[in-house]
Amino acid sequence: MKKIALITGVTGQDGSYLAEFLLKKDYKVFGIKRRSSSFNTKRIDHIYDKKELKDKFQVFYGDLLDGSSLLNIIEEIKPDEIYNLAAQSHVRTSFDVPEYTTDVNALGTLRLLEAIRRLKNKKKIKFYQASTSEIFGNTTSPQSEKTPFKPASPYAISKLYAYWITKNYRDAYNIFAVNGILFNHEGCRRGETFVTRKITSAVARIFHGSNEKIFLGNLNAKRDWGDAEDYTESMWKMLQQKKPDDYVIATGKSYSVREFVREAFSNININIKWKGSGLNEYGYDSKSKKVYIKISKIYFRPTEVYELRGDPRKAKKVLKWKPKTDFKEMVKKMVNFDIDNYGKTNFY
Ligand code: NAP
Ligand code: F7E
């Protein structure tokens with residue numbers, strides 16, 4: 001019998017990669033999409049378009065804010081594995097909509113776990129929770145499964161609730177539930193408001209002749225940036241273990257936003273240098289002296305996380321997982337993708 005997977009957040013970066021990954025493993029894949037006033041399926045439309053996948057991939061309307069929709073879908077499709085990837089996932093925005101972020105990310109996870117708890121066969125369902133390095137906040141790097149939590153945003157705090165409730169339902173009700181504590185992972189389907197894709201899409205426009213400047217916030221923040229496609233495999237691996245457990249998924253290396261900018265521009269043969277300080281700092285082409293980067297205070301956060309760098313040794317040992325793509329390759333892949341698809345509307 002084919003295994004059945006349900007993915008919340010299937011229209012997002014990770015959801016779309018995971019759907020493809022599971023379809024290749026011959027799963028039947030169901031996704032949940034929320035109602036939106038404009039099209040929100042651009043990352044999965046190409047899966048729908050494949051005739052051979054017609055009976056293997058299906059998407060239902062549902063919402064993490066609507067417990068009955070989750071229960072109905074789970075009862076109807078009877079999944080073997082549930083991947084909870086849906087979230088209000090933008091850290092900066094979580095300061096503007098803290099209540100909404102908490103409702104979706106924290107209570108949304110509870111609603112799913114409650115839906116599972118009510119099922120007769122709850123012990124057979126495996127549940128993956130998309131946890132995050134943000135729960136560590138400003139702790140000393142590298143962060144591992146043993147690092148204490150110090151979340152520093154409404155997003156991180158909502159995800160810490162989801163982390164604990166997942167653990168609690170595992171212990172209290174014997175549900176196979178795991179937390180994948182993933183550090184930042186990026187790719188060609190990354191949302192354009194996250195800093196990496198914001199930079200690579202602007203670099204592509206500049207390559208094609210745009211005269212724009214990129215306005216950024218904190219250039220000194222460091223993140224452990226991995227490749228999103230490498231990371232989706234780890235989610236599946238966590239659910240194939242004998243016992244449920246929590247794992248850090250990371251590369252073990254961190255780079256600053258400043259280094260990301262320089263690396264992205266180097267792919268179009270522009271060598272960025274920096275001048276000035278604070279809000280007056282700018283980045284310019286060392287040859288033409290043209291200014292490409294400026295600072296805007298709107299991109300700073302009320303509380304920033306200065307460095308996240310993960311220790312993935314447990315995942316390497318137990319899951320036999322390791323990242324395949326390094327920082328330079330990942331940046332190159334994103335810049336080239338944005339250059340090649342410049343001006344196109346349907347490109348995934
Ligand atoms: P993403 O691109 O922002 O995707 C989020 C998904 O959640 C989208 O499909 C979105 O739908 C959906 N969603 C939002 N609110 C919803 C609601 N109320 N009900 C149902 N669906 C809803 O995020 P991602 O980068 O793929 O990340 C996947 C998960 O991993 C998220 O939970 C994120 O917090 C977590 N995470 C991400 C990273 C990372 O670096 N990418 C690292 C650690 C953890 P729309 O398409 O309609 O917006
Ligand atoms: O910011 C700095 C910003 O928004 C990265 C989500 O997937 O990963 C992601 O959260 C860094 C921060 O990602 C701009 O201050 C500077 O220090 O790309 P980001 P994030 O906040 O790390 C974690 C693991 C998740 O779980 C989240 O869901 O870059 N930064 N200038 C900027 N950030 C943005 N967005 N825009 C700027 O202009």
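Residues numbered from 1 in each chain as written. Chains lettered and ligands numbered in written order. Predicted model: local features only at pLDDT ≥ 70, side-chain atom pairs only at ≥ 80, totals over all residues. Heavy atoms only, no water.

Chemist: What should I look at first to understand the environment of Ser158 in this one?
Modeler: Its place among the elements puts Ser158 in helix α6 (residues 154-173). For the pair Ser158 and His90, spaced 68 residues apart in sequence, the C-alpha to C-alpha distance is 12 Å. Excluding anything up to four places from it in sequence, Ser158 contacts Thr101, Thr102, Asn105 and Ala106. Here Tyr155 takes part through its backbone oxygen, which lies 2.6 Å from a polar atom of the side chain of Ser158. (Helix = DSSP H or I, 4+ residues; strand = E, 2+ residues; numbered from the N terminus. Contact = heavy atoms within 4.5 Å. Polar contact = N/O pair within 3.5 Å; in protein donor to acceptor, adjacent residues only side chain to side chain.)

Chemist: Mind showing me how you'd approach the site of ligand 2 here?
Modeler: Around ligand 2 sit 23 residues in total, of which Ser89, Thr132, Tyr155, Arg301 and Glu304 are the nearest. One of the side-chain N or O atoms of Tyr155 is found 2.7 Å from an oxygen atom in ligand 2. One of the backbone N or O atoms of Gly217 is found 2.8 Å from a nitrogen atom in ligand 2. For ligand 2, the protein covers 96% of the area, taking 710 Å² as the surface of the free molecule. Taken together, the residues of the shell around ligand 2 break down into 9 nonpolar, 8 polar and 6 charged. (Near = heavy atom within 4 Å. Areas by Shrake-Rupley, 256 points an atom, 1.4 Å probe, with all protein chains shown as cover. Nonpolar A, V, L, I, M, F, W, Y, C, P; charged D, E, K, R; others polar.)

Chemist: Hey, could you run me through the sheet that holds strand β4 (residues 81-84) in this one?
Modeler: One open sheet accounts for 7 strands, arranged β3-β2-β1-β4-β5-β6-β11; its pairing is parallel. Every other strand in the sheet has two partners, leaving β3 (57-61) and β11 (247-249) as the edge strands with one partner each. Going across the sheet, the axis of each strand differs from the next one's by a mean of 20 degrees, ignoring polarity. Sitting on the sheet, helix α8 (residues 228-239) is in contact with β4, β5 (126-132), β6 (176-182) and β11, with an inclination near 155 degrees to β6. (Pairing = 2+ DSSP bridges. Axes fitted to C-alpha atoms, helices over the stretch in contact; angles between N-to-C directions.)

Chemist: Looking at this structure, I do not really get the site of ligand 1. What am I missing?
Modeler: The full set close to ligand 1 counts 24 residues, and Thr11, Arg34, Asp63, Ser89 and Tyr155 are the nearest of them. Between ligand 1 and Gln13 there is a distance of 3.0 Å, counted from an oxygen atom to a backbone nitrogen or oxygen. Tyr155 is positioned such that a nitrogen or oxygen atom in its side chain is 2.6 Å from an oxygen atom of ligand 1. Protein chains bury 90% of the 910 Å² of accessible surface belonging to ligand 1 in isolation. When grouped by side-chain class, the residues that make up the shell around ligand 1 number 9 nonpolar, 10 polar and 5 charged.

Chemist: What is the right way to look at the side chain of Ser201 in this model?
Modeler: Mapped onto the elements, Ser201 comes out in helix α7 (residues 195-207). Residue class for Ser201 comes out buried when judged on its relative accessible area of 12%. There is a polar contact of 2.7 Å between the side chain of Ser201 and the backbone oxygen of Arg197. (Buried < 20%, exposed > 50% of the residue type's maximum accessible area, 1.4 Å probe, protein only.)

Chemist: I would appreciate a short explanation of the nonpolar core in the present structure.
Modeler: Most often, soluble globular proteins keep nonpolar side chains buried together rather than apart. One finds Ile7, Leu22, Phe57, Tyr83 and Tyr128 to be the most contacted residues of the largest nonpolar core, which totals 32 residues. Put simply, the parts of the chain that give this core at least two residues each are β1 (4-8), α1 (13-24), β3, β5, β6, α8, β11 and α10 (313-319). Not counting residues within four places of it along the chain, the set of residues in contact with Phe57 comprises Val10, Ala19, Leu23, Val29, Ile44, Ile47 and Tyr48. Grouped together as the second largest cluster of nonpolar side chains are 27 residues, Ala202, Ile293, Ile295 and Phe327 included. (Core = buried A, V, L, I, M, F, W, Y, C linked by side-chain atoms within 4.5 Å.)

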